[in-house]
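# Descriptive structure summary
Each chain, written out:
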Amino acid sequence: MWWDERVSARFRRNLQPTLTYWSVFFSFGLCIAFLGPTLLDLRCQTQSSLSQITWVFFSQQFCLLLGSCLGGVFKRTLAQSLFALFASSLAISLVFAIIPLCHNVVVLAVVMAVAGLAMGCIDTISNMQLVKIYQKDSAIFLQALHFFVGFGALLSPLIADPFLSDTNCILSNSTANASSNLPHIRKSLVPHHPGNLSHYDLPMKGMVVTRVSYAFWIMALINLPVPIAVFFLLYKERMVPCFNGSSHPLLSADELAMETRPGDKDELSPPVQRAQAAGGHDDLFSCCQSKNFRGASYTYFAVHITGALVLFMTDGIVGEYSGFVYSYAVEEPLSVVHKVAGYLPSLFWGFITLGRLISIPVSYRMKPATMVFINVVGVLITFLLLLIFSSSVVFLFVGTASLGLFLSSTFPSMLAYTEDILQYQGCATTVLVTGAGIGEMVLQLLVGSVIHDRGSYSFLVCGMIFGCLAFTFYALLVFFHRMYPKPSPELDDASPAKAAVGDDTGQYQR
């Protein structure tokens, strides 16, 4: 095997939980990508306007961000984490099954808000648990985790495509005129920017003819094994209430190491246990409590902030590029035909998924800091070349693929790097996930407004600016990493800067 026996043995010991977290992230990916292609059919189903239906995007994304902030609440015991994942993955299957029954746009927005909350919990908890299990070896497993979200995001549009309407799915007197615009409108749907399509006039009343319900029921069935896998993990750990009502505390690396030493287990007093637990991964609101800041240096906060800002920019680029590259391509000066331009978002996400697959073996041989450096420099160079060759359609496709590759591994690499700096004792996972979610939502709104006011060329200018900012924040992160205090045995156990024990057993932590 291309990794050493120690990591291989650790993976075998934690095989079931690792595969379960990966499958849950597939559920996340399945849910995040279906809305764009199916939104026109859902507009027909709810008999709403384009401006009304595109607010469903915002409903999902806002609640995804809220769920990411709240996900850390379930970290205190493994039972809480797994029950949250079980409820979230089951909720996604139920959402898929319920969507065809939503004939009102407000009801649909509420259902998508529930899906967003579930996705946010999955995002935070799955990342957090893999970091807790593998710690210094977590980079490779985080890369695999984010491959599965890319795989799910590729699969759901493929499932939906055969059931999408070729003509307007509301039959009325104006259907013939409106149908000619459908391919362009479908590719132009941009999340979180409802005003983008306000100039299109589609019928809102008439007979609804759409088969998109079958796509959602198929996705509900495909996703159903995921909550079943989480339930089996709960059963294996004897956490199903009817079999075992006790809840096992989720041990930190320090507590786990102490448990493995004969005679030390009883010496760990409850106050110390609570102090150690407080120093680990919390929800965003617990992270902001002043008790977690005692004894922390300014570099402790700087590492959290700069790491989150890097992901704010890079995840924001993913959102704004995938949302607006089609609109950019069909406008002057490129004027790419609609059908050809429609391949650009698929090419972008395809190379993100391919890059995440390639990053799995690469991350074992390369340090996370090096991978993040290559990513942000690659993004910067790609945008620079896109600006230089802005009149070349061929290079637009090449640049789109290149951008997907460089952005693919940024999140898991940054998460592994930041957690390693903080010795797995800070709130990095929660802060980084939240920062990435805010960036994806805010930068899409910002770029949409700028393109509306300044024209399509500003799309690449914005990307270049965001890339420069990402590189700047990464350079600051490296600077604060060098300034960050080294682990010291004199540090108090409750200090947020306390280092984890250097060599843990790698057992699945309850």
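Just so we're clear, the structure is a prediction, and the values are computed from it rather than from any experiment.

So, about the environment of leucine 422. One can find leucine 422 in the loop between α21 (410–421) and α22 (428–454). Given a relative accessible area of 0%, leucine 422 falls into the buried group.

The subject of this paragraph is the packing of aromatic side chains. The relative placement of two aromatic rings is captured by the distance of their centres and the angle of their planes. For the structure on display, the rule yields 26 aromatic pairs. Each ring, one from tyrosine 321 and one from phenylalanine 383, has its centre 6.2 Å from the other, and the planes form 75°; the classification is edge-to-face. Here phenylalanine 383 lies in helix α19 (residues 368–388) and tyrosine 321 lies in helix α16 (residues 298–330), a separation of 62 residues in the sequence. Assessed through its relative accessible area of 0%, tyrosine 321 is described here as buried. Plain terms: the ring middles of phenylalanine 373 and tyrosine 474 are 6.3 Å apart, the flat faces sit at 45° to each other, and that makes the pair tilted. Taken as a pair, phenylalanine 373 in helix α19 and tyrosine 474 in helix α23 (residues 458–483) lie far apart in primary sequence, 101 residues in all.

Turning our attention to the side chain of threonine 353. Along the chain, threonine 353 falls in helix α18 (residues 343–365). With residues near it in sequence (within four places) discarded, threonine 353 still touches Phe147, Gly150, Phe151 and Leu154.

Okay, the packing of α21 against α22 next. When two helices pack together, you describe them by how their axes are tilted relative to each other and by the distance separating the axes. Relative to each other, α21 and α22 sit at 150°, their axes nearing to 10 Å. For the element pair α21 and α22, the recorded crossing hand is right-handed. Where α21 abuts α22, its residues Phe411, Met414, Leu415, Thr418 and Glu419 lie against Ala428, Thr429, Leu432, Val433 and Ala436. Across the contact of α21 with α22, the residue classes tally to seven nonpolar, two polar and one charged.

The subject of this paragraph is unusual backbone geometry. Phi is positive for glutamine 135, which is not a glycine, with a value near 45°. Taking the relative accessible area as the measure of exposure, glutamine 135 reaches 7% and is therefore buried. Although it is not a glycine, serine 335 sits at a positive phi angle of roughly 50°. Its location among the elements puts serine 335 in the loop between α16 and α17 (338–341).

Here we take up helix α20 (residues 393–408). The end-to-end C-alpha distance of α20 is 23 Å, a good match for the 22 Å that 16 residues give at a rise of 1.5 Å each. Residues of α20 that are buried: Phe395, Leu396, Gly399, Thr400, Ala401, Leu403, Gly404, Leu407 and Ser408. For α20, the elements touching its buried residues are α16, α18, α19 and α21. Among the residues of α20, the N-terminal cap falls to serine 392, whose side-chain oxygen and the backbone nitrogen of phenylalanine 395 are separated by 3.1 Å.

Secondary-structure assignment places leucine 403 in helix α20. Judged by relative accessible area, leucine 403 falls into the buried class, the value being 0%.

The subject of this paragraph is helix α2 (residues 15–32). Compared with an ideal rise of 1.5 Å per residue, which puts 18 residues at 26 Å, α2 spans 26 Å between its outermost C-alpha atoms and is within 8% of the ideal. Buried residues dominate α2, accounting for 14 of its 18 residues.

Conventions and cut-offs
Residues numbered from 1 in each chain as written. Predicted model: local features only at pLDDT ≥ 70, side-chain atom pairs only at ≥ 80, totals over all residues. Heavy atoms only, no water. Helix = DSSP H or I, 4+ residues; strand = E, 2+ residues; numbered from the N terminus. Buried < 20%, exposed > 50% of the residue type's maximum accessible area, 1.4 Å probe, protein only. Phe/Tyr/Trp six-rings, centres within 6.5 Å; stacked < 30°, edge-to-face > 60°. Contact = heavy atoms within 4.5 Å. Axes fitted to C-alpha atoms, helices over the stretch in contact; angles between N-to-C directions. Left-handed = near helix turned anticlockwise from the far one by under 90°. Nonpolar A, V, L, I, M, F, W, Y, C, P; charged D, E, K, R; others polar. Expected span 1.5 Å × (residues − 1). Polar contact = N/O pair within 3.5 Å; in protein donor to acceptor, adjacent residues only side chain to side chain.

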